[in-house]
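Inside the fold
Each chain, written out:
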Amino acid sequence: AACAVAVAAALALLAQRAAGSSAAPPPAPTSVAAGHVVGLAEDGGPRTAQDGSGDGACKKPHVVLILADDYGWGNLGVHRHFNRTEDQKQAQAEVHTPNLDHLVRHGVLLERHYAYKICAPSRSSLQTGRLAVHVNTVNTGVTYWNPGDNVSGFAGIPRNMTGLAQKMKEGGYKTHVVGKWDVGMATPQHTPLGKGYDSWLGFFQHANDYWNGGMPFASTGEMDICENRFVDFSLYNDTYRGPVTTAIRKEMGCEMSAKHLQIPNLAVQVNATGCNQLRNGSWSNYCLSDSCYGEAMFNQHAVNIIHRHNLSHPLFLFYSFHLLHTPLQVPESYLAQLDQLVKESGGRPIDSSNRRLYAAMVLYMDTMVGKIASALKARDMYKDTLVIFMSDNGGPVYEPGSANNHPLKGGKYSDWEGGVRTNAFVSGGYVPEDRLGKAFEGVISIADWYPTLCTIAGVDYFDFEANATNHYLFQHGLPTLPPVDGRPQWDNIVSGANGRPDPFHLSERALLHWPFKLVTAKQEYSFYQGELFPNCTTVMEYSENGPLFADMKIFGASMKLSTNETVQDQLTLTSDCGDGCLYNVLEDPEEHEDLSSDPSYADIRSRLLQTLKDMNRGIFSPDRGSATLQACLVGADLGGFYGPFVDSETFYAGLEPLSSQQQRVRDKVKSDITGLNASLDRIPEATKEEFVANHGIKPGGSTLDSCLPHI
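In what follows, the accompanying structure is described. Owing to the predicted nature of the structure, the values given are computational and were not obtained by experimental measurement.

What counts as what
- Every residue gets a number counted from 1 within its own chain, in the order that chain's sequence is written.
- In view of the model being predicted, local features appear only for residues whose pLDDT reaches at least 70, and side-chain atom pairs are presented and counted only at 80 or more, with totals across whole chains, interfaces and linings using the full set of residues.
- Where side-chain values are given, they derive from all heavy atoms of the structure, hydrogens and water being excluded.
- Secondary structure elements are defined from DSSP: runs of H or I of at least 4 residues count as helices, runs of E of at least 2 residues count as strands, and each element is numbered from the N terminus.
- When checking whether two residues touch, look at their non-hydrogen atoms; a contact exists if any pair is within 4.5 Å.
- Note on areas: Shrake-Rupley, 1.4 Å probe, and residue coverage restricted to the protein chains presented here.
- In this text, buried Ala, Val, Leu, Ile, Met, Phe, Trp, Tyr and Cys residues form a nonpolar core when linked through side-chain atoms within 4.5 Å.
- Burial classes: relative accessible area under 20% of the type maximum marks a residue as buried, over 50% as exposed, and values in between as partly exposed (1.4 Å probe, protein chains only).
- DSSP-based pairing: two strands are paired if at least 2 bridges between them are found.
- Whenever a pair of cysteine sulfur atoms sits within 2.5 Å, that pair is classed as a disulfide.
- Only the contacting stretch of a helix is used when fitting its axis, a line to C-alpha atoms as for every element, and angles between N-to-C directions run 0 to 180 degrees.
- Note that His is not counted, nor are the chain ends; the positive residues are Lys and Arg, and the negative ones are Asp and Glu.
- Salt bridges are defined by distance alone: a side-chain nitrogen of Lys or Arg within 4 Å of a carboxyl oxygen of Asp or Glu.
- Two N or O atoms count as a polar contact when they lie within 3.5 Å, although within protein this holds only if one can serve as hydrogen donor and the other as acceptor, and sequence-adjacent residues are included solely when both atoms are side-chain atoms.

**Considering the overall build of the protein**
Scanning the protein from N- to C-terminus turns up 20 helices and 21 strands. Nonlocal contacts in the protein, meaning residues at least 24 apart in sequence, comprise 79% of its contacts between residues at least 6 apart. Surface summary for the protein: the accessible area is close to 25700 Å², and the carbon and sulfur share equals 52%.

Below is the structure:
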């Protein structure tokens, strides 16, 4: 109690200072992280006792923030309540999340947790405490740069917004991240180190190949101006900042070379279970071991962080899964384990190849969460830990995303509940005992974790750096940086109060004013998936009837599935809410009954429409520039890896010189990509459309899913 009073008093003082200062100095530049090439060097000081803050003032909890990627609502065990029908029994037999379910039973299930409808905006929101509409609403390629705005003219978070980990460091935390970043890459300030993390093992973009770190078209649906030639897999700390090389992979347990070729990366170079697809001479026959799976290396690294952590300081570990984003890839051993579990649960063999892969990936993710919990308990840290779990958006229900948000409507890319209402819970020893096993029905935004964790850490969540930068931006006619608008939610979670009863800006097309939700304009993936999805019926029909992926980009240009708008809408199962559909999501969480034509709700609808219109005037939408050749040239110089390319001359550290063979490859890649970029504006649309058709995206292309032969 005394600690809580002290923290509250400190926060009040900081808030008072913030209110009285319009040009507070930004924080000192964050130093880069602690550790050596793999794992972390043990910090000095005791490893057996913890005062929680490093100064003995208050005991602060360790925080493990776990973010799943593209996790379907119906793919979490606790959301599979019923087993009355055969399909319900089959669904329960396929969804195996024992570790997550255990954490929910010994924690608080967050039933109304909302994120943005796609990943990069949600992740930007989490790291900055802004609603996505006030930091980033687009999935921009990491090679983008606008030299006219060196604050916001990039993909992801503006350079001068203070990151969550920077705040946690102010509170005495050691800060580490593993996995997907997806909030910027262009400059050192965009990297995890630039946003306050002491170390990072992971990748920059929306996704990569789980086995070799490459960028096949199936990972993101994009072909960038580097022709997806490079690997996106890096390790950054205070002694090494560069690519995860074969030598580093071996230190993390992967004894085999990933054998990635720097060629235009369209098809995957290894298949779903890590076996070679290229048939290239001596590489014609090999399969990578389970330890070479990207998530295996992430998990080992995270466990090492916990084992080596100096308990004189609280730990902030951001565990950012690649799972369950495409490409659908998983070790063969987990497919076999899943099949056995389905059989033992009385289920039939799964009839869709993609549904089976996705279910096995869910099982893998659950196992990795269990290993993190076990590592915390082995260090006697779990009793002092707050575990936060969430997804960055609803599950993708197009092929090949293959999630299931049943019983909610829609999925990723839509503002329906299935696209923005996400799996989430809190657990760990920090959760009050009287709240264990309860559900919290209050509305939470993914942006709220920034101020919530700042409050727990005892620091002010006001962004002094952004505030100071706005004077410069205003003088130069550039977009100013919006303030933090997340809300501290821990007291609400503990008490059961709704901390967001007022209008909540979900997107430029949707608004939640509890319990009413307004959805406007066209919405992709407007359908209910049912208990089992995808299935043989949908697999046989998707090429003509959808749902297919709608966000393809070729060299930065958006590519539609069809030039015919009606066909495009059919293939993406798009519906049109026009000026606004209205739902009471408390009474109708599945959004079946549109109230917009009911006269008794006319005033509510009109008020929400005006509120959304007013809020949309404040959307943060800087000119993020265009794809930049410089990003590719720096990537080639790194030996074929993505990384910062603006103001990065002194950033990289500890790299070995390229061999003569690597130099020859580098020179050829530079020549090829430079030639391509010189001719991009002359590539006709017909060529791009042919490209799309030839790579399994349009009807008539190669198979994105299949019915399994044993059905």
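**Some details on the nonpolar core**
Formed by 144 residues in total, the largest nonpolar core has its most connected members in Tyr 71, Phe 316 and Val 426. Broken down by element, the residue count for this core peaks at 15 residues, all from helix α10 (residues 353-378). Once residues within four sequence positions are removed from consideration, Val 426 is found in contact with Leu 103, Gly 107, Val 108, Leu 110, Leu 386, Val 387, Ile 388, Val 431, Trp 449, Trp 490 and Ile 493. In terms of nonpolar packing, the next biggest core, distinct from the first, is built from 22 residues, Phe 533, Tyr 542, Ile 554 and Leu 561 among them.

**Details of the sheet that holds strand β6 (residues 222-223)**
Sheet architecture is open: three strands sit in the order β6-β17-β18, paired in mixed fashion. Where the open sheet ends on each side, the last strands, each with one partner, are β6 and β18 (557-559). Bridge count between β6 and strand β17 (residues 552-554): two bridges; the pairing is parallel. Each bridged residue has a counterpart across the sheet, and for Glu 222 the counterpart in β17 is Lys 553.

**Remarks on the pairing of strand β10 (residues 385-391)**
Put simply, side chains in a regular strand alternate between the two faces of the sheet. Burial analysis of β10 places seven of its seven residues in the buried class, which makes it a mostly covered element. Of the two faces of β10, the one holding Thr 385, Val 387, Phe 389 and Ser 391 and the one holding Leu 386, Ile 388 and Met 390 are both buried throughout. Relative to β10, strand β1 (residues 62-68) runs parallel, the two being bridged by seven bridges. Directly across from Val 63, in β10, lies its bridge partner Leu 386. For β10 and strand β11 (residues 424-427), the ladder comprises four bridges, and the chain directions are antiparallel. Note that in β11 the partner of Ile 388 across the bridge is Val 426.

**Concerning the state of the cysteines**
With the rule as written, the count across this model stands at five disulfides. Each sulfur of the disulfide joining Cys 275 and Cys 287 lies 1.9 Å from the other. With the S-S bond torsion at 105°, the cross-link from Cys 275 to Cys 287 turns out right-handed. Taken together, the positions of Cys 275 in the loop between α7 (246-251) and α8 (294-308) and Cys 287 in the loop between α7 and α8 put the pair 12 residues apart, joining distant regions of the chain. A residue is classified by how much of its surface remains accessible, and Cys 275, at 16% relative accessible area, is buried. Its relative accessible area of 43% is what places Cys 287 among the partly exposed residues. Ordinal numbering of bonded cysteines along the protein defines a disulfide pattern of 1-9, 2-5, 3-4, 6-10, 7-8.

**Points about the sheet that holds strand β15 (residues 516-519)**
Sheet strands line up and pair through hydrogen bonds in the backbone, either parallel or antiparallel. With antiparallel pairing, the four strands of this open sheet are ordered in space as β13-β14-β15-β20. Two strands bound the open sheet, and with one partner strand each, they are β13 (504-507) and β20 (581-584). With strand direction ignored, the average angle separating the axes of adjacent strands in the sheet is 20°. Here four bridges tie β15 to β20, and the two strands are oriented antiparallel to one another. The residue of β20 that forms the bridge with Lys 517 is Tyr 583.

**Digging into the side chain of Asp 232**
Within the secondary structure, Asp 232 sits in the loop between β6 and β7 (234-236). No salt bridge is formed by the buried Asp 232; its nearest oppositely charged neighbour, Lys 180, is found at 9.7 Å. There is a polar contact of 2.9 Å between the side chain of Asp 232 and the backbone nitrogen of Gln 205. For Asp 232, the contacting residues outside a window of four places in its chain are Gly 202, Phe 203, Phe 204, Gln 205, Asn 208, Gly 213, Met 215 and Tyr 642.

**Things to note about the side chain of Lys 195**
When you line up the elements, Lys 195 lands in the loop between β4 (174-180) and β5 (199-203). For the buried Lys 195, no salt bridge is present, and the opposite-charge side chain at shortest range is Glu 465, 6.0 Å distant. At a separation of 3.1 Å, a polar atom in the side chain of Lys 195 contacts the main-chain carbonyl oxygen of Pro 158. Within the structure, Lys 195 has its side chain in polar contact with the backbone oxygen of Met 161 (distance 2.7 Å). When neighbours within four sequence positions are excluded, Lys 195 is seen to be in contact with Ile 157, Pro 158, Arg 159, Asn 160, Met 161, Gly 163, Ala 165, Gln 166, Trp 181, Gln 189 and His 190.

**A few points about the pattern of salt bridges**
The final tally for this structure, using the stated rule, is 32 salt bridges. Across the pair Lys 89 and Glu 86 runs a salt bridge whose closest N-O atoms are separated by 3.8 Å. Remark: Glu 86 and Lys 89 occur in helix α2 (residues 86-94); sequence separation between them is three residues, near one turn of the helix. Take Lys 89: its relative accessible area is 40%, and that puts it in the partly exposed class. Glu 86 gets classed as exposed once you look at its relative accessible area, which sits at 53%. In this structure, the salt-bridge partner of Glu 227 is Arg 229, at a minimum N-O distance of 2.9 Å. What makes Glu 227 buried here is its relative accessible area of 13%. Look at the salt bridges and you will find they share partners, linking Asp 69, Arg 123, Lys 180, Asp 182 and Asp 392 into a network.

As far as function goes, none of this settles anything; it's purely spatial.
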